[in-house]
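# Observations on chain architecture
What follows is each chain in one-letter form.
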Amino acid sequence: ASPGEETLPLWQYGYGQLDPVSHQVLSFSRSPHFTGQTWQGGPELPDEKLSWNSISATGGHPGPGLENVNIRRWTAPMDAVITISGKLSHSNTGGNGVRGRIISSRHRELGFWPVYNSSQELEIPPIEIRKGDTIDFIVDSNGDLGHDSFGWTPVIKTFGAESAPTQWSA
């Protein structure tokens, strides 16, 4: 990084607000408390501000509404063509499931997957990204906060690289 330039971690774990019309991220904040495995609002759940919103490397739980969605953010470390894959799962018969989205700062919404007591394999075909672009993996409560624990382990890979391919896993 150049002097004065902030170097962001590849993966950030947090929350934010999703615009219901444009499906764009209106805000993103890193979750302030790390338990050793999970990022969340504070040491206890539900948190006064973030409710049940929590996220780990393998899943989490969204907060209420589109104002407190669960966001795992990846920041591109270089220019590349990438593919995105993974499986979003909700394994509970209670509630009404969750909705997952992948949103690119460059390409907007790349995919939308509602899951209820099921799982969905996610495959995004090759897209071009530039250093500093973000890819947000978003989960919302689908209007009902109950029973919304989910699993999601996204993987981002370079595509068609002449050198050895690179892979980033949450």
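Above this text is the structure in question.
Residues numbered from 1 in each chain as written. Predicted model: local features only at pLDDT ≥ 70, side-chain atom pairs only at ≥ 80, totals over all residues. Heavy atoms only, no water.

### Observations regarding the overall build of the protein chain
The helix and strand inventory of the protein chain stands at zero helices and 15 strands. Its C-alpha atoms give the protein chain a radius of gyration of 16 Å, near enough to 15 Å, the size a compact globule of 170 residues would have. The principal-axis extent of the C-alpha atoms belonging to the protein chain is close to 45 × 35 × 30 Å. By the burial criterion, 45% of the 170 residues in the protein chain qualify as buried. Contacts in the protein chain between residues at least 24 apart in sequence constitute 65% of all its contacts with a sequence separation of at least 6. Put simply, the protein chain shows about 8,500 Å² of open surface, and 49% of that area lies on carbon and sulfur atoms. Counting 12 positive and 18 negative side-chain charges, the protein chain places the averaged centre of each group 4 Å from the other. (Helix = DSSP H or I, 4+ residues; strand = E, 2+ residues; numbered from the N terminus. Rg over C-alpha atoms; globule rule 2.2 N^0.38 Å. Buried < 20%, exposed > 50% of the residue type's maximum accessible area, 1.4 Å probe, protein only. Contact = heavy atoms within 4.5 Å. Areas by Shrake-Rupley, 256 points an atom, 1.4 Å probe, with all protein chains shown as cover. Lys, Arg positive; Asp, Glu negative; His and termini not counted. Charge placed at Lys NZ, Arg CZ, Asp CG, Glu CD.)

### Structural notes on the sheet that holds strand β7 (residues 69-75)
Pairing in this open sheet of six strands is antiparallel, and the strands run β2-β1-β7-β12-β9-β10 from one edge to the other. Every other strand in the sheet has two partners, leaving β2 (25-30) and β10 (108-115) as the edge strands with one partner each. Averaged over all neighbouring strand pairs, the angle between strand axes comes to 25 degrees, with direction disregarded. Of the pairings in the sheet, the one linking strand β9 (residues 98-104) to β10 comprises seven bridges and is antiparallel in character. (Pairing = 2+ DSSP bridges. Axes fitted to C-alpha atoms, helices over the stretch in contact; angles between N-to-C directions.)

### Topic: the nonpolar core
Of all hydrophobic cores here, the largest spans 25 residues; its most connected members are Trp74, Ile82, Ile135 and Phe137. Of all the elements in the fold, those that place two or more residues in this core are β1 (11-18), β8 (80-90), β9, β10, β11 (118-129), β12 (134-140) and β13 (150-152). Among residues more than four places away in sequence, those in contact with isoleucine 82 are Trp74, Pro125, Pro126, Ile127, Ile129, Ile135, Ile156, Lys157, Thr158 and Phe159. Counting residues in hydrophobic clusters, the runner-up holds seven residues, among them Leu18, Leu66, Ile71 and Ile138. (Core = buried A, V, L, I, M, F, W, Y, C linked by side-chain atoms within 4.5 Å.)

### Concerning the environment of proline 125
Locating proline 125 in the fold gives a position in strand β11. Each C-alpha atom of the pair proline 125 and proline 43 lies 39 Å from the other, and the pair is 82 residues apart in sequence. When neighbours within four sequence positions are excluded, proline 125 is seen to be in contact with Ile82 and Thr83.

### So, the environment of threonine 93
Summarising the element assignment, threonine 93 is placed in the loop between β8 and β9. Between the C-alpha atoms of threonine 93 and phenylalanine 34, which are 59 residues apart in sequence, the distance is 29 Å. With residues up to four places along the chain from it excluded, the contact list for threonine 93 reads Tyr116 and Asn117.

### Things to note about the packing of aromatic side chains
Inspection of every chain in the model, using the stated rule, returns four aromatic pairs. A ring pair is formed by tryptophan 11 and phenylalanine 137, whose centres lie 5.9 Å apart and whose planes are at 40 degrees; its orientation type is tilted. Of this pair, tryptophan 11 sits in strand β1 while phenylalanine 137 sits in strand β12, and the two are 126 residues apart along the sequence. For tryptophan 11, a relative accessible area of 13% gives the class buried. The buried category is assigned to phenylalanine 137, whose relative accessible area is 1%. Of the aromatic side chains, those joined through ring pairs into one cluster are Trp11, Phe137 and Trp152. (Phe/Tyr/Trp six-rings, centres within 6.5 Å; stacked < 30°, edge-to-face > 60°.)

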